[in-house]
2 protein chains.
Amino acid sequence: MARVTIKDIAIAANVSAMTVSNVINARTSKASPDTVERINEAIRTLGYQPNLSARALASKASRLIGVVVPFTEDQNQLLLDNPFYAEVISGIESALRARGYFMMLSGLGETSNEVDVLAQWNVDALIAIGIYREGLFERLRKRHLPTLLVDSYLTDDHVHHLRIADDQAARRATEHLIAHGHRRIALVTGAVRDGGVIEQRLAGYRLALDAADIPFDPDLVLAGSVTFDWGIDAAEQLIARRATAAFCTADLIAAGVLSGLHQRDIDIPGDISVLGFDNLPVSQMVYPALSTVDQAILDKGKLAGNLVLDLLEGRKPPRETRLEARIIERQSVGPVRK
Amino acid sequence: MARVTIKDIAIAANVSAMTVSNVINARTSKASPDTVERINEAIRTLGYQPNLSARALASKASRLIGVVVPFTEDQNQLLLDNPFYAEVISGIESALRARGYFMMLSGLGETSNEVDVLAQWNVDALIAIGIYREGLFERLRKRHLPTLLVDSYLTDDHVHHLRIADDQAARRATEHLIAHGHRRIALVTGAVRDGGVIEQRLAGYRLALDAADIPFDPDLVLAGSVTFDWGIDAAEQLIARRATAAFCTADLIAAGVLSGLHQRDIDIPGDISVLGFDNLPVSQMVYPALSTVDQAILDKGKLAGNLVLDLLEGRKPPRETRLEARIIERQSVGPVRK
DNA sequence: CTGAAAGCGCTTACAG
DNA sequence: CTGAAAGCGCTTACAG
């Protein structure tokens, strides 16, 4: 049994293919109620499924949104290695689906041609998460697609942005530790990159220190990668540098710090306080439960989806959207030990 | 500047469109080396990108593989909520990409028409993860697509399977606890479903008990959902039922159990031992680090991708592939308290 | 080794 | 309110 096409429906309903097309695409004003009914009936009984490739080809609109995530820092080329991405993507997908669009997911590495893949599928628009490298960014902008950058500070006239107020969030986080009496506060983070979020969070951290008259100590900035393993390593340096608190710019790192401190029998938060960032599910699973900065990842993802569709559908969303983040207090932050 | 098509290349290289098509599709035997060179040159200078929708339409092969994951049990319609899926999917995607195929990801809920979406995109084959419900399964098989079921025991003549030896793995896990002197061993699990993996793991658990002459106590089977929150709740029942060890059929549940036990100041593994399943990244992040059953999720995903492509390309992979799982000993299992 | 023609399943002006 | 025709960018027999 061959696939049932629009032509089959046309024959069954005794109309032309183009009337069927009109009805399918909800241009019902262009057909009499009676015809619409007959066509819908035929669609139901024959089990018609539109061929989306054909539609994309003919209409020059694929209803496909490309979503680009960077491959993990150790270049193992795995999507979704970071639960943060998994959650944003879930949010994006849910928003797209609700509005009748589809997601084409792709990783993006150093030398990768994954952007080409998206071009080949004729995606209507692009959401790129956590982009910083100039080289890759260049490749993105070459196709002049409606583009939304999530968590990126790369500037470009043709690009829209969604991000949290990273500097402010980091400042508040640091202040939260200061309020608990801490003065030797380490910043444990991934690589500080041009146009990335960490740059901004570092700035917020410094602002908080300045405001509290705590001199900035570069030795307390521990930059590695956004991984659990780096957190474990960082724990050792935390101790060596006599930090009493660590502000980690990702929960994944914070989880590693917790684990590294446990290995050395350091009490948390008795000896060292740890504050995370993201409010990933894992932050509730570690021990002690991690105090962290919530950035409502899922909502962020949904918003990203909706913004990019607004953009695509010509509804002129704001060029930049900034979300608020807030601190979630759990058990990993306490007063400084006297 | 309009998109450059195969026709543009044909003109530039002074050949027909079909010769270009042949060269693009690596049927180079059908063209002289000289022609091939001219065509490739034109492709490079003009920056040609094949239109995959057009190719799919004309060739009746989309190189798109549908990947279906069930929506989470609380029906919140979010893909990737479970890190297990995120990891399998990463593996699948990586295998598909390596062989020149693309992934179309879709969730699958109670009433959902997501399978329709995949049909509409003309996916060449299907990988479905963790399917048990008969209703949904029926909808899958109606399209007679090459299908690989991951972690499912639903039988059907037209479907291929990839799974671990769940009964055996559960048996070994239980024996591992028995070897530590435990006799009141609870099984903490998601819903036991027809054709799902948990059914098998329950069987393995019972086999181990039988072999050790430990009577099966239905009160020690705690079935909820595959979530952290359920693990927290289960912790309370563990205590009430005087279990000395818990075998959890998912790390997510085990993490919740750990957390719930901490809340009640139970020492792990001093008072109660906890064993997980999956070896998710989170199993290293919790405290104490979780002993668990490793099922090499990433490799499983890659294998799934390769199996489905073998199937699609007519290489007749085995109808059923069973992977071995092995126990990873960390800190959450210890000898029973006398 | 190369090409002309038909066709994949849709949509889009255009006409009536 | 409805239709005939052309076209989207490819591939597929078929012919030479």
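As the structure is a computational prediction, the values presented were derived from the model and not from experiment.

Q: Help me understand the protein's contact with DNA strand D, please; the structure alone is not making it clear to me.
A: Around DNA strand D lies a shell of 26 residues, among which Ser16 and Thr35 of chain A together with Ile6, Ser21 and Tyr48 of chain B are the nearest. Close to the protein, within 4 Å, the atoms of DNA strand D are drawn from sugar and phosphate at a rate of 71%. At 2.7 Å, a side-chain N or O of threonine 35 of chain A approaches a phosphate oxygen of DNA strand D. Asparagine 25 of chain B places a polar side-chain atom, nitrogen or oxygen, 3.0 Å from a phosphate oxygen of DNA strand D. Listed by contribution, the elements that provide at least two residues to the surface near DNA strand D are α2 (17-24) and α4 (52-59) of chain A together with α2 (17-24) and α4 (52-59) of chain B. The element that contributes the greatest number of residues to the surface near DNA strand D is α4 of chain B, accounting for four residues. Along the lines of polarity and charge, the residues of the surface near DNA strand D split into 11 nonpolar, 11 polar and four charged.

Q: What's the story with the sheet that holds strand β9 (residues 273-275) of chain A in this structure? I'm lost.
A: Two modes of strand pairing occur in sheets, parallel and antiparallel, and in both the strands are linked by backbone hydrogen bonds. Residue and element names in this part refer to chain A. In space, the four strands of this open sheet follow the order β7-β6-β8-β9, with parallel pairing throughout. The two strands at the open ends of the sheet, each matched to only one other strand, are β7 (221-223) and β9. Ignoring which end each strand starts from, the neighbouring axes of this sheet average 20° apart. In this sheet, β7 lies alongside strand β6 (residues 185-189) in parallel orientation, the contact comprising three bridges. Pairing of valine 188 across the sheet is with leucine 222, part of β7. Where helix α9 (residues 197-211) meets the sheet, its contacts fall on β6 and β7, and the angle it forms with β6 comes to roughly 175°. Sitting on the sheet, helix α11 (residues 251-263) touches β6, β8 (245-248) and β9, and the angle it makes with β9 is about 160°.

Q: What is the right way to read the side chain of asparagine 82 of chain A from this model?
A: Residues and elements named next belong to chain A. As for its position among the elements, asparagine 82 is in the loop between β1 (64-70) and α5 (83-98). Since its relative accessible area comes to 14%, asparagine 82 is described here as buried. When sequence neighbours within four positions are dropped, the list of residues in contact with asparagine 82 reads Val226 and Leu252.

Q: I would appreciate a short explanation of the pairing of β1 of chain A in the present structure.
A: If a strand is regular, its side chains alternate between the two faces of the sheet. Residues and elements named next belong to chain A. Most of β1 is tucked away: seven of the seven residues are buried. Where burial is concerned, the two faces of β1 agree: the one with Leu64, Gly66, Val68 and Pro70 and the one with Ile65, Val67 and Val69 are both buried. Alignment of β1 against strand β2 (residues 102-108), held across seven bridges, turns out to be parallel. Pairing of valine 69 across the sheet is with glycine 107, part of β2.

Q: Explain the relation of the copies chain B and chain A here, please?
A: Here the two chain copies are tied together by a rotation about an axis and a shift along that axis. Least-squares fitting of chain B to chain A yields an RMSD of 0.0 Å, with the superposition described by an axial translation of 0.0 Å and a rotation of 180°. The relationship between the two copies is best expressed as a two-fold rotation axis.

Q: How do you make sense of the packing of helix α1 (residues 6-13) of chain A against helix α3 (residues 33-46) of chain A when you look at a structure like this?
A: In a packed pair of helices, the relevant descriptors are the angle between the two axes and the axis-to-axis distance. Residue and element names in this part refer to chain A. Between α1 and α3, whose axes approach to 9 Å, the crossing angle comes to 125°. The angle between α1 and α3 places the two elements in the oblique class. Taken as a pair, α1 and α3 cross one another with a handedness that is right-handed. Here α1 contributes Asp8, Ile9, Ala12 and Ala13 to the contact with α3, which in turn contributes Arg38, Ile39, Ala42, Ile43 and Leu46. Across the contact of α1 with α3, the residue classes break down as seven nonpolar, no polar and two charged.

Q: Please clarify how the domain arrangement of chain A should be interpreted in this entry.
A: Many analyses report the size of an interface as the accessible area lost when the parts associate. All names here are of chain A. For chain A, the assigned domains are domain 1 (6-50), domain 2 (64-164 + 298-323) and domain 3 (166-295). For domain 2 versus domain 3, the separation of C-alpha centres amounts to 27 Å. Residue-level contacts link 15 residues of domain 2 with 19 residues of domain 3. For the pair domain 2 and domain 3, the summed buried area comes to about 1,400 Å², and 55% of that belongs to carbon and sulfur atoms. For the pair domain 2 and domain 3, the number of links is one salt bridge. Here arginine 322 makes a salt bridge to aspartate 167, at a shortest N to O gap of 3.7 Å. At the boundary of domain 2 and domain 3, one finds four residue pairs in polar contact (both at pLDDT 80 or more). When contributions to the side of domain 2 that touches domain 3 are tallied by element, the ones reaching two or more residues are α5 and β5 (159-164). No other element matches α5, which puts three residues into the side of domain 2 that touches domain 3. For the side of domain 2 that touches domain 3, a count of residues per class yields seven nonpolar, two polar and six charged.

Definitions and cut-offs
- Residues numbered from 1 in each chain as written.
- Chains lettered and ligands numbered in written order.
- Predicted model: local features only at pLDDT ≥ 70, side-chain atom pairs only at ≥ 80, totals over all residues.
- Heavy atoms only, no water.
- Near = heavy atom within 4 Å.
- Polar contact = N/O pair within 3.5 Å; in protein donor to acceptor, adjacent residues only side chain to side chain.
- Helix = DSSP H or I, 4+ residues; strand = E, 2+ residues; numbered from the N terminus.
- Nonpolar A, V, L, I, M, F, W, Y, C, P; charged D, E, K, R; others polar.
- Pairing = 2+ DSSP bridges.
- Axes fitted to C-alpha atoms, helices over the stretch in contact; angles between N-to-C directions.
- Contact = heavy atoms within 4.5 Å.
- Buried < 20%, exposed > 50% of the residue type's maximum accessible area, 1.4 Å probe, protein only.
- Least-squares fit on C-alpha atoms with pLDDT ≥ 70 in both.
- Parallel < 35°, antiparallel > 145°, perpendicular 65-115°, else oblique.
- Left-handed = near helix turned anticlockwise from the far one by under 90°.
- Domains from an automatic or database assignment.
- Buried area = accessible area lost by both parts, 1.4 Å probe.
- Salt bridge = Lys/Arg side-chain N within 4 Å of Asp/Glu carboxyl O.

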